[in-house]
Amino acid sequence: MSRRSITMDDSSHSETLADNDNERNSISNKLKAASTPLATTSITIQNNNTNTLSFSFFTLGLLNNASYCLMLACAKSISEGGTALVFIATVLPSLVIKASAPHWFHLVTYNRRMRVAAVIMGVAFVIVAYCHWRNNVHGQLFGVAVMALQGGLGEASLLALAGKLDQQQLLQQQQATTSRIMLGMEANGTSGTTAHELPQAAIYENKQSNTDAVPSSASCLTSFSSGTGLSGVFAFGWKVVLTQWIGWTLEATLLSGIFLALAYYYVFFRNMGDYLRHSTDSRRERRNTDDVQFDDGTNGEESDEQIPLTSQVRLQLDPLSSTMIQQQQQHQDEQHYETLSSPSPSPSNRPQLTLSQRFYQIFALWPYTVPLFIVYAAEYACMSGAWTAVGFPVTDVNARSRFYTNANWLYQMGVFVSRSSGTMVTLSLTVLWMLPLLQCFNLLFFVLVAANYAATVIVRENDSEQIIVTPTSWLYSPLLMYGICLYTGLLGGAVYVHGYKRIVLDKPAHETEFALAATSVAESIGILVADVCGLFMQSCLYRANGLVGAVVSCPL
């Protein structure tokens, strides 16, 4: 009896070992089958399209903001005594677009939005040029406002798209890590792996590898931010070269901006359009291969943004259970479908987010929106207020105009440098909150220097009076003032790119696109507040320096 029992136990043990081997082989085969399509796609994106995507987003960021910055460069020519009026005209329509974006962007495709933005850019240049020729200030401000519509629509759309593609590449890297873990376990003959142990191991290795790979996980977002940073230098240089070096009129300079609109349209639909259509085809093929049914309502070439990106990488959560995969896909897509850019209303089985839910998600972004608001409010108060009352000497209109142009040029150079740092360094939220406070000190410095470090002397000679304004402190010096203008740009650009980068790194994939579009409203609100304050700041500083021409009265 004991021998028979021992024989049966040995047989049972052998069967158990065989079952374990079969289960391990089955796990390996499932993982290989699940990982191969995504790994192949990831390699294709990284090797063939990363450079194209980076170049495209850099160029689009440059062109999108170049029109806006060109209007700022012409602000003194449009309204010398009310520079902040031009700033307000550049931000109000943009604020409306960005504030409403989370509630209607999912109804309009990226292609349609970018077509409209390109047309608006060209039309705005014509309006401002014509009204300047007719010496119509109100018409010029209207044209600037039309340009602001283009800037807000383009920036919010491209920010969301950049974050969306960065998340896609990051999640594909995680899928490749999962595949590498399983293949290594198979090679080492590791046994006892369960359906829950593998994902935990993959998540741990993903965290470790992503810590080192973070700089490369936001390449699209960093490229776009870098392009927007260079746009200021480009736009101010465009104006200086054409008006001062070549001798063109301001009207001709503005009309030349139509070529920027044409380039804007070409770059997006030549480079981004091809990539998005290729990405859509590959995702459709992958879904057909896996026999997973989706109800995304895609139709035609403009369906690139309709397919939820979260569906592409759901296999990484549990590659061992196809049933669990499909359940997770259905649950996540139903819950977050509305946060992605679907151009049509959700089907009945995918309920839309309510207005209160959308507002709740927007307010939950305060750790990123508050620093963005503060830094923009401080730096644009410098530009629209304090910098308009500085010159060497301050009584000379041309000297004030030169300082304003040079200060903005240096500021934009600082913005370009810091916005290009997204792939080289990652800032924590603590550091992100410290930078706006430093920017507030910059604003305080410029206001105090402009208001208190110039003495007005009235010289009477032969029954005539002459007003002489002389600096009374070494602080009122070109070297120091220009240096801090550059520093102001460095702070502002850093908060911009690293604030958005933190959203890509901190938020789940299904929330990234919505969060990026919603957060962009904070900068517009900050600019608006700064421009209103800048009107009165310029008036008070003009009065302190004995200057005339302010369009409002100082309330102090």
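Residues numbered from 1 in each chain as written. Predicted model: local features only at pLDDT ≥ 70, side-chain atom pairs only at ≥ 80, totals over all residues. Heavy atoms only, no water.

1. Structural notes on the packing of helix α13 (residues 397-419) against helix α15 (residues 478-506)
Rules: Angles here are taken between N-to-C directions and fall from 0 to 180 degrees, while the axes themselves are lines fitted to C-alpha atoms, restricted in helices to the stretch in contact. Numbering of helices and strands starts at the N terminus; helices are DSSP runs of H or I of at least 4 residues and strands are runs of E of at least 2. Any angle that falls under 35 degrees is termed roughly parallel, while one over 145 is termed roughly antiparallel, one within 65 to 115 roughly perpendicular, and all others oblique. A crossing counts as left-handed when the near helix is turned anticlockwise from the far one by less than a right angle, and as right-handed when that turn is clockwise. Note on definitions: a residue-residue contact is assigned when non-hydrogen atoms from the two residues lie within 4.5 Å. Throughout this entry, Asp, Glu, Lys and Arg are counted as charged residues, while Ala, Val, Leu, Ile, Met, Phe, Trp, Tyr, Cys and Pro are counted as nonpolar. The remaining residues, Gly among them, count as polar.
Running from amino to carboxyl end, α13 crosses α15 at an angle of 40°, the nearest separation of the two axes being 6 Å. In terms of orientation, α13 and α15 fall into the oblique class. Like other packed secondary-structure pairs, α13 and α15 cross with a definite hand, here right-handed. Contact residues: Arg402, Phe403, Asn406, Ala407, Leu410, Tyr411, Met413, Gly414, Val415, Val417, Ser418 and Arg419 in α13; Met481, Tyr482, Cys485, Leu486, Thr488, Gly489, Leu490, Gly493, Ala494, Tyr496 and Val497 in α15. Residues of the contact of α13 with α15, tallied by class, amount to 15 nonpolar, six polar and two charged.

2. With respect to unusual backbone geometry
For the peptide bond that leads from phenylalanine 392 to proline 393, omega is 5°, which places it in the cis range. Residue position: proline 393 is located in the loop between α12 (366-384) and α13. Phi is positive for asparagine 135, close to 55°, though the residue is something other than glycine. Position of asparagine 135 among the secondary structure elements: in the loop between α4 (110-133) and α5 (137-188).

3. What about a nonpolar patch on the surface?
Note the following rule: In this scheme, patches are assembled from residues that exceed 30% relative accessible area and form no salt bridge. Like charges are connected within 9 Å, while nonpolar side chains (Val, Leu, Ile, Met, Phe, Trp, Tyr) are connected within 5 Å. For the accessible areas, the method is Shrake-Rupley and the probe is 1.4 Å, while residue cover comes only from the protein chains on display. For this document, the term salt bridge refers to a Lys or Arg side-chain nitrogen within 4 Å of an Asp or Glu carboxyl oxygen.
Where nonpolar side chains cluster on the molecular surface, the patch consists of Met413, Val417, Leu438, Phe441, Leu444, Leu448, Leu486, Tyr487 and Leu490 and spans about 770 Å² of accessible area. Of all the elements in the fold, those that place two or more residues in the nonpolar patch are α13, α14 (429-452) and α15. Here the nonpolar patch gets four residues from one element, more than from any other, and that element is α14. By the secondary structure assignment, phenylalanine 441 is in helix α14.

4. Overview of the pattern of salt bridges
Selection rule: Exposed residues in this analysis have more than 50% of their type's maximum accessible area, buried residues have under 20%, and partly exposed residues fall in between, with area computed by a 1.4 Å probe over protein chains only.
By the definition in use, this model includes four salt bridges. As a salt-bridge pair, glutamate 155 and lysine 98 come within 2.6 Å of each other at their nearest N and O atoms. Of the two residues, glutamate 155 is situated in helix α5 and lysine 98 in helix α3 (residues 83-104); the sequence distance between them amounts to 57 residues. The class of lysine 98 is buried, set by a relative accessible area of 2%.

5. Here's the deal with the nonpolar core
The condition that has to hold: Note on terminology: a nonpolar core comprises buried Ala, Val, Leu, Ile, Met, Phe, Trp, Tyr and Cys residues joined through side-chain atoms within 4.5 Å.
Within the largest apolar cluster, 114 residues are counted, with the highest numbers of intra-cluster contacts made by Phe57, Leu254, Tyr264, Phe268, Tyr380, Trp387 and Phe446. With 14 residues, helix α16 (residues 509-544) is the single largest residue contributor to this core.

6. With respect to α16
This is how the line gets drawn: Residue count minus one, scaled by 1.5 Å, sets the expected span of a helix. Two axes enter the definition of the bend at a residue: one is fitted to the seven residues ending there, the other to the seven starting there, and the bend is the angle between them.
With 36 residues, α16 extends 53 Å from end C-alpha to end C-alpha; this agrees with the ideal 52 Å at 1.5 Å per step. For α16, the principal kink sits at alanine 515 and spans about 30°. Glycine 546 sits one or two residues past α16 and shows a positive phi near 70°.

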